[in-house]
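In case you want the letters, here they are:
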Amino acid sequence: MVRVSRALLKDGGLGISKTLSEILVCPLSKQPLRICEERNSLISDAIGVSYPIVDGIPCLVPNDGKIIDNNDMPKPEGAVDSPDEKGMSRGSV
């Protein structure tokens, strides 16, 4: 069991292995989490909440999560800005 734990919580980067990040889900939405190196946290894109990673350990207690403003939230790879985010209103032509 100790070997498995060490393999899942590697030292380096954020301290979370790809295997562990594929298993973890948001405790509120039950949707997959995305690693954000900029914030050193796990992001739930489904509900816009950031969970901190402290000493390589994800803190997935709902009270530890912080709501992220849409403007502050980094875009996932391959995401395209919507027209509303570029400053265009729905009524403009």
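The structure under discussion appears in the preceding block.
Bear in mind that the values here come from a model prediction, so they are computed numbers and not experimental data.

(A) Quick look at the overall build of the protein. Across its full length, the protein holds 2 helices and 5 strands. Going residue by residue from the N terminus, the α and β elements of the protein occur as α-α-β-β-β-β-β. The buried share of the protein, taken over its 93 residues, is 30%. A fraction of 28% describes how many contacts in the protein between residues 6 or more apart in sequence connect residues 24 or more apart. With an accessible surface of roughly 6900 Å², the protein has 52% of that area assigned to carbon and sulfur atoms.

(B) The arrangement of unusual backbone geometry in detail. The phi dihedral of K30 is positive, around 65°, even though this residue is not glycine. Mapping K30 onto the fold places it in the loop between α2 (18-23) and β1 (34-36). Phi at N40 is positive, roughly 55°, even though this residue is not glycine.

(C) Quick peek at the nonpolar core. I16, L20, L24, C26, L33, L42, V49, Y51, I53 and L60 together form the largest nonpolar core, which totals 10 residues. In terms of residues, this core owes the most to one element, strand β3 (residues 49-54), which gives 3 residues. Beyond its immediate stretch of four places on either side in the chain, L33 contacts S21, L24, V25, C26, L42, I43, S44, Y51 and L60.

(D) Spatial organisation of the pattern of salt bridges. Going through the model one piece at a time under the given rule, you end up with 1 salt bridge. Residue D45 pairs with R34 through a salt bridge whose shortest N-O separation is 2.8 Å. Here D45 is found in the loop between β2 (41-44) and β3, whereas its partner R34 is found in strand β1, with 11 residues between them in sequence. Assessed through its relative accessible area of 18%, R34 is described here as buried.

(E) Broad picture of the environment of S50. Summarising the element assignment, S50 is placed in strand β3. A residue is classified by how much of its surface remains accessible, and S50, at 9% relative accessible area, is buried. Here the alpha-carbon distance between S50 and I67, two residues 17 residues apart in the chain, equals 6.4 Å. Other than its neighbours up to four places away in sequence, S50 contacts R39, S41, L42, I43, D64, G65, K66 and I68. Only 2.9 Å separates the side chain of S50 from the side chain of S41, close enough to count as a polar contact.

The rules behind these values
- Residues numbered from 1 in each chain as written.
- Predicted model: local features only at pLDDT ≥ 70, side-chain atom pairs only at ≥ 80, totals over all residues.
- Heavy atoms only, no water.
- Helix = DSSP H or I, 4+ residues; strand = E, 2+ residues; numbered from the N terminus.
- Buried < 20%, exposed > 50% of the residue type's maximum accessible area, 1.4 Å probe, protein only.
- Contact = heavy atoms within 4.5 Å.
- Areas by Shrake-Rupley, 256 points an atom, 1.4 Å probe, with all protein chains shown as cover.
- Core = buried A, V, L, I, M, F, W, Y, C linked by side-chain atoms within 4.5 Å.
- Salt bridge = Lys/Arg side-chain N within 4 Å of Asp/Glu carboxyl O.
- Polar contact = N/O pair within 3.5 Å; in protein donor to acceptor, adjacent residues only side chain to side chain.

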